Amino acid sequence: MKILAIGDFHGKFPKKFEKIAKDCDIILSTGDFANIDKIREIIFKHWTAKRWWEIIGLKKAKEIEKESFDSGLKVLKKLNSLGKKVYIIWGNSDFYKTMESSEPKSLNPGYYNNEIKKLKNLILIERKKGKINGTEIIGHGGYLDVTDFIKNPIDKDKKKQKKRLKRYKKSEEELKQLFLKEKPKDFIFLIHYTPYKIFDKVKFKKSPMYGKNVGWEPYNQVIKKYKPKLVICGHMHEYQGIKKLGKTSILATGSAAEGKAAIIDIDKKIKVRFIK
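All of the points below concern the structure found in this document. For clarity, every value in this text was computed on a predicted model and none was experimentally measured.

Some points on the overall build of the protein
Inference 1: What the protein contains, in helices and strands, is eight helices and 12 strands.
Inference 2: In terms of overall dimensions, the protein is globule-like: its C-alpha atoms have a radius of gyration of 18 Å, near the 19 Å expected for 276 residues.
Inference 3: Taking the principal axes of its C-alpha atoms as reference, the protein extends roughly 55 × 40 × 35 Å.
Inference 4: Out of the 276 residues belonging to the protein, those deemed buried represent 51%.
Inference 5: Considering only contacts in the protein between residues 6 or more positions apart, those separated by 24 or more positions represent 68%.
Inference 6: Counting every atom, the protein has about 14,400 Å² of accessible surface; 50% of that belongs to carbon and sulfur.
Inference 7: A distance of 2 Å separates the average location of the 64 positive side-chain charges in the protein from that of its 33 negative side-chain charges.

See the structure below:
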């Protein structure tokens with residue numbers, strides 16, 4: 001089985017992937033279909049001080065949100081057009097129904113959940129188990145409060161700190177429950193964020209988290225306990241490659257927006273070729 005592992009499109013779909021996808025059996029995507037560069041720039045500039053839409057006003061914020069939504073939908077439609085089954089999870093920048101948000105409802109341009117129902121080649125495995133050609137796969141994406149937000153609180157307000165900690169613990173418990181019903185064997189773990197201290201040190205100097213780790217430690221615990229045969233992650237554009245956590249290989253795909261991805265051949269052994 002030949003897999004194209006790809007993610008972090010951020011509204012861009014380099015044409016070369018059309019040809020590459022033809023030679024693959026299936027596609028696994030780590031999410032982040034939408035381009036939220038404009039939103040992220042405002043958030044980074046006013047880190048935890050004010051909400052981004054309050055800074056620029058609701059009218060302008062609504063325009064930016066719609067632009068972002070449309071950019072991701074365009075990518076999803078392109079993936080659907082490739083003629084391969086595409087298994088997807090959400091990234092932190094995507095528009096999905098279970099996303100906890102403090103944004104006014106008037107800003108919400110819609111949800112990708114509704115849109116992908118019309119796109120028959122896209123299969124959402126968000127917080128689910130599934131099988132692909134006999135290989136079990138577990139998907140877990142969406143927004144997460146990274147571990148460093150908790151260990152070194154970014155919120156000055158105590159109430160906000162407690163709210164974030166509560167959300168972190170809830171996410172951790174939901175992850176555990178995903179594995180408790182039936183212990184998986186010899187499976188692929190498809191995630192958006194990286195495990196803690198693996199491919200997660202921020203190199204982008206304009207980020208308020210520059211030089212810090214932004215992975216999620218509950219992943220480390222699950223990986224050590226259940227030993228997937230392969231973990232595929234995205235989120236961190238700075239990294240592409242493979243690292244080990246115990247006996248498990250952690251594969252960072254690199255950013256599709258920058259023309260990066262990975263081709264994985266799974267037979268008796270796993271072989272990986274990175275697209276630069």
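There is more to say, and it comes next.
Examining the packing of helix 7 (residues 158-180) against helix 8 (residues 217-226)
Inference 1: Relative orientation of the contacting elements helix 7 and helix 8 amounts to 20°, with a least axis distance of 10 Å. When the axes of helix 7 and helix 8 are compared, the pair comes out roughly parallel. In the packing of helix 7 onto helix 8, the handedness of the crossing is right-handed. In this structure, helix 7 uses Tyr168, Glu172, Leu175, Phe179 and Leu180 to contact helix 8, whose residues at the interface are Glu217, Pro218, Tyr219, Gln221, Val222 and Tyr226.

What counts as what
- Residues numbered from 1 in each chain as written.
- Predicted model: local features only at pLDDT ≥ 70, side-chain atom pairs only at ≥ 80, totals over all residues.
- Heavy atoms only, no water.
- Helix = DSSP H or I, 4+ residues; strand = E, 2+ residues; numbered from the N terminus.
- Rg over C-alpha atoms; globule rule 2.2 N^0.38 Å.
- Buried < 20%, exposed > 50% of the residue type's maximum accessible area, 1.4 Å probe, protein only.
- Contact = heavy atoms within 4.5 Å.
- Areas by Shrake-Rupley, 256 points an atom, 1.4 Å probe, with all protein chains shown as cover.
- Lys, Arg positive; Asp, Glu negative; His and termini not counted.
- Charge placed at Lys NZ, Arg CZ, Asp CG, Glu CD.
- Axes fitted to C-alpha atoms, helices over the stretch in contact; angles between N-to-C directions.
- Parallel < 35°, antiparallel > 145°, perpendicular 65-115°, else oblique.
- Left-handed = near helix turned anticlockwise from the far one by under 90°.

The values reported here are purely geometric and, on their own, carry no functional implication.
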